[in-house]
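Letter by letter, the chains look like this.
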Amino acid sequence: MAYKRFQNTFTESKFFLPLAIAVAVGVICLYGLVEKGWWMQLTCLAISTLLLMILNSSHQLIRVASQASPAMFLLLMAAAVFIIPDLLAEIMTLCFIALLFMLFHCQQRDVSPGWVFYGFFCLGLASIAFVQAFYYVPLLWVLMSTCLRAMTAKTFWASILGIITPYWIAGPVIIYFMGTDVVAAHFTKLAQFQPLGDYSMLGEHEWLAVGWTALLAIIGIIHYANQGYQDKLRTRLLHEMVIVIDIATFIFLALQPQHFTMLLGVAIANTCLLIAHYLTLTHTFLTNISFYFILAITLAIIAYNTWMPSSNFLSVMATQACSFLPL
């Protein structure tokens with residue numbers, strides 16, 4: 001049996017996720033949860049975390065009992081706290097995690113059109129918030145054929161039906177209240193592109209969050225390329241699917257950075273599955289040191305990206321407290 005270091009004990013313990021929840025909720029509160037009423041965003045984040053917990057346990061993405069995936073998801077979302085106020089970005093992230101949750105259930109199953117329909121229904125919902133989510137469809141079809149071994153005529157048409165069903169439901173309501181011009185403008189965005197690699201809209205906070213997420217993704221991918229053989233074939237195929245989607249998301253983000261807030265949540269959702277595997281199942285001296293560095297740098301980025309909002313929040317609280325003093 002491999003020697004367990006602190007990183008293994010901590011990532012397999014029942015304390016990692018509650019601590020991550022406390023950090024994430026504290027950061028969002030300092031950023032303005034109560035005063036700006038971001039309750040829907042917080043709800044989407046909570047459901048996303050719950051789905052990742054179920055996804056990790058039901059498909060045994062990590063060979064041992066661990067809640068490192070949802071914990072790292074919350075920490076990375078806290079590091080990118082500036083995307084929390086964007087409700088559409090939170091919906092996109094939630095729908096994409098739900099998509100993975102559904103599609104993973106159809107791996108190598110003879111009867112899987114239902115899971116495929118529900119998965120692409122979630123993608124259809126995501127496309128209402130972010131129409132460029134349609135760009136993932138051809139990639140998902142390829143991955144269904146190669147990684148899930150579930151691409152048949154029935155699942156293909158189930159995916160088509162799943163994508164268009166949200167529009168069948170929401171379309172008449174939207175057209176009735178807002179007219180057909182809104183629908184036309186929504187789909188024309190698919191053909192609208194900004195200059196490639198125009199990063200002028202990204203500040204230092206955004207670069208820190210996306211750069212750190214990309215670095216963790218690289219660490220997770222390299223680790224799985226070297227150590228993934230220890231998992232079952234089914235688990236390896238699921239991780240390969242996550243890796244491909246993660247790489248495609250970062251390429252999309254690099255080419256069209258104006259979609260930064262919509263894509264970073266998707267990248268975090270995939271990256272947390274990869275880096276959690278690394279943190280939980282490696283046990284060398286160097287990986288134990290890297291575990292401390294990863295947590296320390298993540299917490300440092302969280303502190304830096306919330307410093308100004310938290311300063312404003314604390315100053316307002318101090319001012320209100322002083323107003324009650326008999327001065």
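Relevant structure appears above.
A.B. asks: Explain the nonpolar core to me, please; I cannot follow it from the model alone.
C.D. replies: If you look at soluble globular proteins, the nonpolar side chains tend to sit buried side by side. In this structure, M72, F73, M92, F120, Y136, L140 and M241 are the most contacted members of the largest nonpolar core, which totals 103 residues. Top element by residues in this core is helix α13 (residues 260-281). It accounts for 16 residues. Those residues in contact with M72, other than ones at most four positions away along the chain, are F16, L216, C272, I275, L279 and I294.

A.B. asks: When you look at the pattern of salt bridges in this model, what are you seeing that I'm missing?
C.D. replies: Two side chains with opposite charge may pair up if their charged atoms get near one another. Taken as a whole and judged by the stated rule, the model has one salt bridge. Where R63 meets D231, a salt bridge forms, and the shortest distance between an N and an O atom there is 2.6 Å. Highlighted residues: R63 in the loop between α4 (39-58) and α5 (68-79) and D231 in the loop between α11 (204-227) and α12 (233-255), separated in sequence by 168 residues.

A.B. asks: Help me understand the packing of aromatic side chains, please; the structure alone is not making it clear to me.
C.D. replies: In total, this model carries 20 aromatic pairs according to the counting rule given. An aromatic cluster is defined as three or more aromatic residues linked by ring pairs; in this entry it consists of F6, F10, F16, F291 and Y292.

A.B. asks: What should I look at first to understand the layout of surface pockets in this one?
C.D. replies: The method is simple in principle: a probe with the dimensions of a water molecule rolls over the atoms, and the space it marks as empty is what remains. Quantified by volume, the largest pocket comes out at close to 340 Å³. Residue lining of the largest pocket: 17 residues in total, with I128, A129, V182, H186 and K189 positioned closest to the centre. Broken down by element, the residue count for the lining of the largest pocket peaks at five residues, all from helix α10 (residues 180-188). Taken together, the residues that form the lining of the largest pocket break down as 13 nonpolar, three polar and one charged.

Procedures and definitions
- Residues numbered from 1 in each chain as written.
- Predicted model: local features only at pLDDT ≥ 70, side-chain atom pairs only at ≥ 80, totals over all residues.
- Heavy atoms only, no water.
- Core = buried A, V, L, I, M, F, W, Y, C linked by side-chain atoms within 4.5 Å.
- Buried < 20%, exposed > 50% of the residue type's maximum accessible area, 1.4 Å probe, protein only.
- Helix = DSSP H or I, 4+ residues; strand = E, 2+ residues; numbered from the N terminus.
- Contact = heavy atoms within 4.5 Å.
- Salt bridge = Lys/Arg side-chain N within 4 Å of Asp/Glu carboxyl O.
- Phe/Tyr/Trp six-rings, centres within 6.5 Å; stacked < 30°, edge-to-face > 60°.
- 1 Å grid on protein atoms, 1.4 Å probe; cavity = no way out; pocket = protein on both sides within 12 Å on 5 of 7 lines; lining within 4 Å.
- Points joined across faces, edges and corners; volume = space filled by probe spheres on them.
- Nonpolar A, V, L, I, M, F, W, Y, C, P; charged D, E, K, R; others polar.

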